[in-house]
Amino acid sequence: MSAEPLAVFGKALRDQRRGLLFWGVGLALVTLMYTSSFDPDKVVEDAGGLQKALNFDDLASGPGFLRATVLGMIVPLLLLVFVTISGAKSVAGEEETGLLDLYLAQPIERGRLLLERFAAMCLAVAAFALLVGAELVLLNAALDMNVGFGNLVVTVLGLALLVITLGAVAFATGAITGRRTLTLAVTAGYGGFSFAINALASQSEAIEPLKYLSAFHYYLGGNPLRDGFSPGMLVLVIAPVVLMAVGLARFRTRDLNV
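Residues numbered from 1 in each chain as written. Predicted model: local features only at pLDDT ≥ 70, side-chain atom pairs only at ≥ 80, totals over all residues. Heavy atoms only, no water.

Moving on, we get to the overall build of the protein chain. In terms of regular secondary structure, the protein chain is built from 12 helices and zero strands. Counted from the first residue to the last, the protein chain has its helices and strands arranged as α-α-α-α-α-α-α-α-α-α-α-α. The C-alpha atoms of the protein chain give 19 Å as radius of gyration, which agrees with the globular expectation for 258 residues (18 Å, within 12%). Taking the principal axes of its C-alpha atoms as reference, the protein chain extends roughly 60 × 40 × 30 Å. For the protein chain, long-range pairs separated by at least 24 residues make up 75% of all intrachain contacts whose partners lie at least 6 apart in sequence. (Helix = DSSP H or I, 4+ residues; strand = E, 2+ residues; numbered from the N terminus. Rg over C-alpha atoms; globule rule 2.2 N^0.38 Å. Contact = heavy atoms within 4.5 Å.)

What follows covers the pattern of salt bridges. Under the counting rule described, the total for this entry stands at six salt bridges. The partner of Glu208 in a salt bridge is Lys211, with the nearest N and O atoms 2.8 Å apart. The exposure class assigned to Lys211 is buried, which follows from its relative accessible area of 18%. (Salt bridge = Lys/Arg side-chain N within 4 Å of Asp/Glu carboxyl O. Buried < 20%, exposed > 50% of the residue type's maximum accessible area, 1.4 Å probe, protein only.)

If you check the backbone angles, Asn146 has positive phi at about 60° while not being a glycine. Within the element layout of this structure, Asn146 appears in the loop between helix H7 (110-142) and helix H8 (149-177). For Asn146, a relative accessible area of 66% gives the class exposed.

A word on a nonpolar patch on the surface. Taken together, Ile176, Phe229, Leu234, Val237, Ile238, Val242 and Val246 make up a surface patch of nonpolar side chains, about 610 Å² in accessible area. Of the residues forming the nonpolar patch, the biggest block, four residues, is contributed by helix H12 (residues 235-253). By secondary structure assignment, the location of Ile238 is in helix H12. (Patch = residues over 30% accessible without salt bridge, like charges linked within 9 Å, V, L, I, M, F, W, Y side chains within 5 Å. Areas by Shrake-Rupley, 256 points an atom, 1.4 Å probe, with all protein chains shown as cover.)

Okay, the nonpolar core next. Core analysis: the largest hydrophobic core is formed by 57 residues, its most contacted members being Leu66 and Leu71. Elements that contribute at least two residues to this core include exactly helix H2 (17-35), helix H4 (62-68), helix H5 (70-97), helix H6 (99-104), H7, H8, helix H10 (215-220) and H12. Top element by residues in this core is H8. It accounts for 12 residues. Sequence-distant contacts of Leu66, defined by excluding residues within four places in its chain, comprise Thr35, Leu71, Gly72, Leu136, Met145, Val147, Leu152 and Leu225. (Core = buried A, V, L, I, M, F, W, Y, C linked by side-chain atoms within 4.5 Å.)

Taken residue by residue, helix H1 (residues 7-15) has Ala7, Val8, Phe9, Gly10 and Ala12 as its buried positions. The inward-facing, buried residues of H1 abut H7.

Right, let's talk about the packing of aromatic side chains for a bit. All chains considered together, the criterion is met by six aromatic pairs. An angle of 85° between the planes, with centres 5.3 Å apart, marks the rings of Phe82 and Phe128 as edge-to-face. Linking Phe82 in helix H5 with Phe128 in helix H7, this pair joins segments that are 46 residues apart in sequence. Like Phe128, Phe82 is buried. (Phe/Tyr/Trp six-rings, centres within 6.5 Å; stacked < 30°, edge-to-face > 60°.)

Now for the packing of H1 against H7. In the contact formed by H1 and H7, the axes pass within 8 Å of each other and the chain directions differ by 45°. Between H1 and H7, the angle falls in the class oblique. Helix-helix and strand crossings are classified by hand; for H1 and H7 the assignment is right-handed. Residue-level contacts link Ala7, Val8, Phe9, Ala12 and Leu13 of H1 to Arg112, Leu113, Glu116, Arg117, Ala119, Ala120 and Leu123 of H7. Each residue belonging to the contact of H1 with H7 can be placed in one class, and the counts come to nine nonpolar, no polar and three charged. (Axes fitted to C-alpha atoms, helices over the stretch in contact; angles between N-to-C directions. Parallel < 35°, antiparallel > 145°, perpendicular 65-115°, else oblique. Left-handed = near helix turned anticlockwise from the far one by under 90°. Nonpolar A, V, L, I, M, F, W, Y, C, P; charged D, E, K, R; others polar.)

Printed below as a string of structure tokens:
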């Protein structure tokens, strides 16, 4: 492996190029399929607590529909799978197989390897968000969903930040532990917890304080599809930086698993 600038970053993208293509096509198809089912005449009668928690009581409006389906559930959870697998493989997975030792035998510092691989994941997530966002802009106009362009842009940006935060959980856990299975469990567990707590917090006073531990809360808590930017989204800028700083500090000093 070359020690040229961004060599690790470029190799990480090249190694995933087929997978990234399949993910992009899949996300585009899922977005098209679900968004095309939007029906402004749909009426949800007597919505129960769970339906309200998942925002299924407002499917007749464009913002409500996208919040409940594509941008609030389907795409974020699919991308959670992507960053969980990618993050677990990038450090902990290769450490367990011994490949990481081979890479680090080259003139590449540990911190550089971790950060460039994380940057490659961030670029992939940004590309996926841009793809979904561009598709929704077209579908918003075609289906008369009446979602403000600025609000849609802010929400898609929030989506990217949400997924990057979840990816940072995976990278930091892998860097700290070197255990692929544990990294998968922690990232998937936090992602599921984050989604569920954000949905259920409004239904229980006992659960409500836990929403501040949820990345989904900072993504959708301010209802960006209706109201635009919320200052809470800034947490999704700070959190990945803190997570990666902690992971980087530990990764640089600990003994690798052999």
